[in-house]
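What follows is each chain in one-letter form.
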Amino acid sequence: MGQLDGKVVLLTGASRGIGLAIAKTLGEQGARLILVARHRGPLEQAAAQVPGALLTLPIDVTKPSDVKRLFATVQKRVHRLDVLINNAGVFTFKPFVRTTLDDWRRNLETNLTSLFLTTQAALPMLRRSHGDVVNILSISSRVSFPNCSAYSASKFGAIGLTDVLRKELRALGIRVTAILPGMTNTRMKKEFDSPVAAQDLLQPEDVAAAVRSALEQPRRATVEEIMLLPSGGAIRAKK
Ligand SMILES: NC(=O)c1ccc[n+]([C@@H]2O[C@H](COP(=O)([O-])OP(=O)(O)OC[C@H]3O[C@@H](n4cnc5c(N)ncnc54)[C@H](OP(=O)(O)O)[C@@H]3O)[C@@H](O)[C@H]2O)c1
């Protein structure tokens, strides 16, 4: 029996990368997982690897009507929610002059506006469970890198929102945690030519272990922020 036994966790961006690793890690600790991403096929393949997968819901977290439907389904079919993990994200690597309005909107809507939508929709259930919100942010929430204008804007905004939510929601008994990984060995890293060998970057399992450790703290303790970086250091962007 794990420390998260029976906890109902809704995880966005669950079909691959960091999200899939979080799902497996929490599932191994007894959590019951509601897995969300846009594409049904990869999501179902992911669910087959996750102990404790309860539901797969293919929705787009940028669409208000999808998010509304998602939480209505959870309320109707599961009746409770203990943990919301906002992990779905996109990344654009381009000089600012070539960044299109579409790039800008995609980053802002996926990495920031979705947190507004999901967190507001989850609140009625999280209030009842005195639950947790965990936002997977980035080193790019604190440090800016060239060629990442849309991503940085979204992730800086997301940490601002996360900090405000922590202060507002503590009165409701809801804990809010920010996880800030550095470069992690997922599909997203293909944008970079890294001097660090793939095995020396963070692995998705490392980020998942940080999420697990935050959730396993006693209720009196909140892990406000974890910044987790590759020990080998910085990255070099592709020309
Ligand atoms: N990899 C890194 O170096 C790194 C570093 C720091 C922070 N992060 C953050 O970690 C999180 C996960 O990144 P990752 O590297 O694991 O990315 P990834 O491998 O590209 O996975 C992204 C996940 O998000 C889902 N997704 C994307 N847009 C969505 C939308 N509109 N609605 C619902 N689901 C959506 C994708 O599935 P569908 O395409 O099927 O929707 C997929 O499951 C992101 O927030 C990212 O910013 C990553």
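As a reminder, the structure under discussion sits directly above these lines.
Residues numbered from 1 in each chain as written. Predicted model: local features only at pLDDT ≥ 70, side-chain atom pairs only at ≥ 80, totals over all residues.

(A) Structural context of the overall build of the chain. For the chain, the count of helices and strands is six helices and seven strands. Starting at the N terminus and walking to the C terminus, you meet the elements of the chain as β-α-β-α-β-α-β-α-β-α-β-α-β. Over its C-alpha trace the chain gives a radius of gyration of 17 Å, about what one expects of a compact globule, namely 18 Å for 239 residues. Summarising its shape, the C-alpha atoms of the chain cover approximately 50 × 40 × 35 Å along the three principal directions. Taking all 239 residues of the chain together, 44% fall into the buried category. Considering only residue pairs separated by 6 or more positions, the chain has 67% of its internal contacts joining residues 24 or more positions apart. (Helix = DSSP H or I, 4+ residues; strand = E, 2+ residues; numbered from the N terminus. Rg over C-alpha atoms; globule rule 2.2 N^0.38 Å. Buried ≥ 20, exposed ≤ 12 C-beta atoms within 10 Å, placed from the backbone. Contact = placed C-beta atoms within 7 Å.)

(B) Molecular detail of the site of the ligand. In the region of the ligand, 30 residues are neighbours, and Gly13, Gly17, Arg38, Gly89 and Thr186 sit closest. For the shell around the ligand, a count of residues per class yields 12 nonpolar, 13 polar and five charged. (Near = placed C-beta within 6 Å. Nonpolar A, V, L, I, M, F, W, Y, C, P; charged D, E, K, R; others polar.)

(C) Representation of helix α6 (residues 204-215) within the structure. Compared with the 16 Å implied by 1.5 Å per residue over 12 residues, the 17 Å span of α6 between its first and last C-alpha is a close match. Considered for burial, the residues of α6 that qualify are Pro204, Val207, Ala208, Ala210, Val211, Ala214 and Leu215. The arc that holds every buried residue of α6, seen down its axis, measures 155°, which confines them to one face. (Expected span 1.5 Å × (residues − 1). Arc of directions from axis to C-beta.)

(D) Highlighting the sheet that holds strand β5 (residues 132-136). Overall, parallel pairing links the seven strands, which are arranged β3-β2-β1-β4-β5-β6-β7 in an open sheet. Two strands bound the open sheet, and with one partner strand each, they are β3 (53-58) and β7 (225-228). Averaged over all adjacent pairs, the angle separating strand axes in this sheet is 15°, with direction ignored. Note: strand β6 (residues 175-181) against β7, four bridges, orientation parallel. Of the residues in β7, the one forming a bridge with proline 181 is leucine 228. Where helix α3 (residues 64-77) meets the sheet, it contacts β1 (8-12), β2 (32-37) and β3, and its direction lies at approximately 155° from that of β3. Running over the sheet, helix α4 (residues 101-129) touches β1, β4 (83-86) and β5 and is turned about 175° from β4. (Pairing = 2+ DSSP bridges. Axes fitted to C-alpha atoms, helices over the stretch in contact; angles between N-to-C directions.)

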